[in-house]
Amino acid sequence: MEPRDLSDHSVYRAGRGIEEVARDLGLDPDDLVKLSSNENVLGPSPKAAAAIREHADSVHLYPKSSHTDLIERLADDWNVASEQVWLANGGDGVLDCLSRALIRPGERVLVPRPGFAYYAMSARYHHGEVATYCLSKADDFVQTADRVLDAYDGERIVAVTSPHNPTGSVMPLDEVERLADETGEDTLILVDEAYGEFADVESAVDLVRERDDVAVLRTFSKAYGLAGMRLGYGLVPEDWADAYARIHTPFDTGELTCRAGLAALDDDEHIEKTVAMVEDAREYLYENLDARTWESQGNFVLAEVGDSEGGSPAGERSQTASGEAVTDAAQREGIIVRDCSSFGLPECIRITCGTPEQMERAVEVLNEVIDA
Ligand SMILES: *Cc1c(COP(=O)(O)O)cnc(C)c1O
């Protein structure tokens, strides 16, 4: 026997892990600085780590009250009904829940290019199809309703990433609202706010409260430093929020995950420290990297390190480095950044914001490689 036709499905290429790279290069993992997956370099909230230890002895039980408590806590924080909070296995799990609840076989989703790969993957897993709208480098990846509407053709879900990965641009709330107004009744605008804590724009949750066609995605993987726990949630319109009970796997968010999330929500100090560090790091990168950068509202900065034309007119190979070449060379010096080929920007790299020491070392290595 065989699985169904999966030839259309791509494989998610994550930023490489420290152990993996260290093994390949014969380096000590402690000598590597990983700035490739937008994790929190300060680690998890200490309160979350303590909660994980504290609850380790109760993992023989299914997560019941912790799941309910976390949903109620988030509903309270966002001023929505508890049904409107869809807890899931990371933000990626939220995308799966929405695909399952919304996509009828053959229906399309509209996703940004460059953009986050999992929108398309999740749609295809759920028998959907994919169309793209372009954010243009020439316009500094500006996000407006018109840009999306130019490509819009009645898709079931339209993904808006704000702040956008990997460029750091945002779509202002009035543009999100206009997009929702001008798309069909049967279209959901999904605003992915995975990096919302780092941005100084308002969350689209206001629109979730007011209308039936906007949903928001948030995650604990980035600012909260809990990527390894796999915790995210959707905030969805009240009108159809009860669909969650019919599509999510029973007990899909683990006991320790829920406990960690609850504790992290009480740790304002960790978030404040993280956001301040990220703001400093962004400025440092804009000012010191020998490459074009874009202003970012996320915990990362996109930098153009190669030649976007990809070669000289005579057809010889360009002497200018590509994102991949810079990534490989930096990695040999212990700095792991993200090559943006998989996002459709082969001439760019994405650098996760870290501590002042990490940023100094990263810039030193990257500048050497870029100028070589
Ligand atoms: C990281 C990320 C997510 C979600 O990641 P999870 O670890 O699954 O929560 C969602 N959208 C974007 C754009 C991201 O960068």
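Residues numbered from 1 in each chain as written. Predicted model: local features only at pLDDT ≥ 70, side-chain atom pairs only at ≥ 80, totals over all residues. Heavy atoms only, no water.

Quick word on the site of the ligand
In the neighbourhood of the ligand, 13 residues make up the surrounding shell, with Gly-91, Asp-192, Thr-219, Ser-221 and Lys-222 lying closest. Measuring from an oxygen atom of the ligand, one finds a backbone N or O atom of Gly-91 at 2.6 Å. One of the backbone nitrogen or oxygen atoms of Asp-92 is found 3.0 Å away from an oxygen atom of the ligand. Contact with the protein chains covers 94% of the free accessible surface of the ligand, which is 380 Å². (Near = heavy atom within 4 Å. Polar contact = N/O pair within 3.5 Å; in protein donor to acceptor, adjacent residues only side chain to side chain. Areas by Shrake-Rupley, 256 points an atom, 1.4 Å probe, with all protein chains shown as cover.)

Some words on the sheet that holds strand β9 (residues 292-293)
Strand order across the open sheet formed by 5 strands is β1-β11-β12-β10-β9, with mixed pairing between neighbours. In this open sheet, the two strands that pair with only one neighbour each are β1 (33-35) and β9. Where β9 and strand β10 (residues 300-304) come together, 2 bridges link them in antiparallel fashion. For Arg-292, the partnering residue across the bridge sits in β10 and is Glu-304. Against the sheet, helix α11 (residues 268-288) contacts β9, β10 and β12 (348-352), and its axis sits at roughly 10° relative to β10. (Pairing = 2+ DSSP bridges. Helix = DSSP H or I, 4+ residues; strand = E, 2+ residues; numbered from the N terminus. Contact = heavy atoms within 4.5 Å. Axes fitted to C-alpha atoms, helices over the stretch in contact; angles between N-to-C directions.)

Side note on the pairing of strand β7 (residues 214-219)
Burial of β7 is extensive: 6 of the 6 residues sit out of reach of the surface. In this sheet, β7 lies alongside strand β6 (residues 188-192) in parallel orientation, the contact comprising 4 bridges. Bridged to Val-191 within β7 is Val-216. Running through helix α8 (residues 205-210), the crossover from β6 to the neighbouring parallel element β7 is right-handed. As defined by bridge partners, β7 adjoins strand β8 (residues 232-235) across 4 bridges and the pair is classed as antiparallel. What sits directly across from Leu-217, in β8, is Gly-234. (Buried < 20%, exposed > 50% of the residue type's maximum accessible area, 1.4 Å probe, protein only. Right-handed = clockwise from strand over helix to strand, strands pointing away.)

A closer look at unusual backbone geometry
The amide bond that connects Arg-113 to the next residue, Pro-114, takes the cis arrangement and shows omega of 0°. Tracing the chain through its elements places Pro-114 in the loop between β3 (108-113) and α5 (118-125). Residue Pro-163 is reached from Ser-162 by a cis peptide bond, and omega for that bond is 0°. By secondary structure assignment, the location of Pro-163 is in the loop between β5 (157-161) and α7 (173-182). In this model, Asn-79 sits at a positive phi of 60°, which is unusual for a non-glycine residue. Along the chain, Asn-79 falls in the loop between α3 (65-78) and β2 (85-88). Under the relative-accessibility criterion, Asn-79 is labelled exposed at 58%. Despite not being glycine, Asp-140 shows a phi value in the positive range, around 55°.

Some points on the UniProt feature "modified residue: N6-(pyridoxal phosphate)lysine" (unreviewed entry) in the protein chain
Within this numbering scheme, the UniProt entry marks Lys-222 as carrying the feature "modified residue: N6-(pyridoxal phosphate)lysine" (unreviewed entry). Other than its neighbours up to four places away in sequence, Lys-222 contacts Ser-37, Asn-38, Asn-40, Ala-194, Tyr-195 and Phe-198. (UniProt positions renumbered as here; feature names shortened; annotations may be inferred.)

With respect to the packing of aromatic side chains
Describing an aromatic ring pair means giving the distance of the ring centres and the angle of the ring planes. By the definition in use, this model includes 9 aromatic pairs. An angle of 85° between the planes, with centres 5.8 Å apart, marks the rings of Trp-86 and Trp-240 as edge-to-face. Taken together, the residues span a long stretch of sequence, with Trp-86 in strand β2 and Trp-240 in the loop between β8 and α9 (244-247) at a distance of 154 residues. Aromatic pair Phe-220 and Tyr-224: ring centres 4.8 Å apart, planes at 40°, arrangement tilted. In this structure, Phe-220 and Tyr-224 share a single accessibility class: buried. Through a chain of ring-to-ring contacts, the aromatic side chains of Trp-86, Trp-240 and Tyr-244 assemble into a single cluster. (Phe/Tyr/Trp six-rings, centres within 6.5 Å; stacked < 30°, edge-to-face > 60°.)

Overview of a negative patch on the surface
Judged by side-chain charge, Asp-290, Glu-333, Glu-357, Glu-360, Glu-364, Glu-368 and Asp-371 come together as a negatively charged surface patch. Tracing the backbone shows Glu-360 in helix α13 (residues 356-371). Here Glu-360 falls in the partly exposed class, since its relative accessible area comes to 46%. (Patch = residues over 30% accessible without salt bridge, like charges linked within 9 Å, V, L, I, M, F, W, Y side chains within 5 Å. Salt bridge = Lys/Arg side-chain N within 4 Å of Asp/Glu carboxyl O. Lys, Arg positive; Asp, Glu negative; His and termini not counted. Charge placed at Lys NZ, Arg CZ, Asp CG, Glu CD.)

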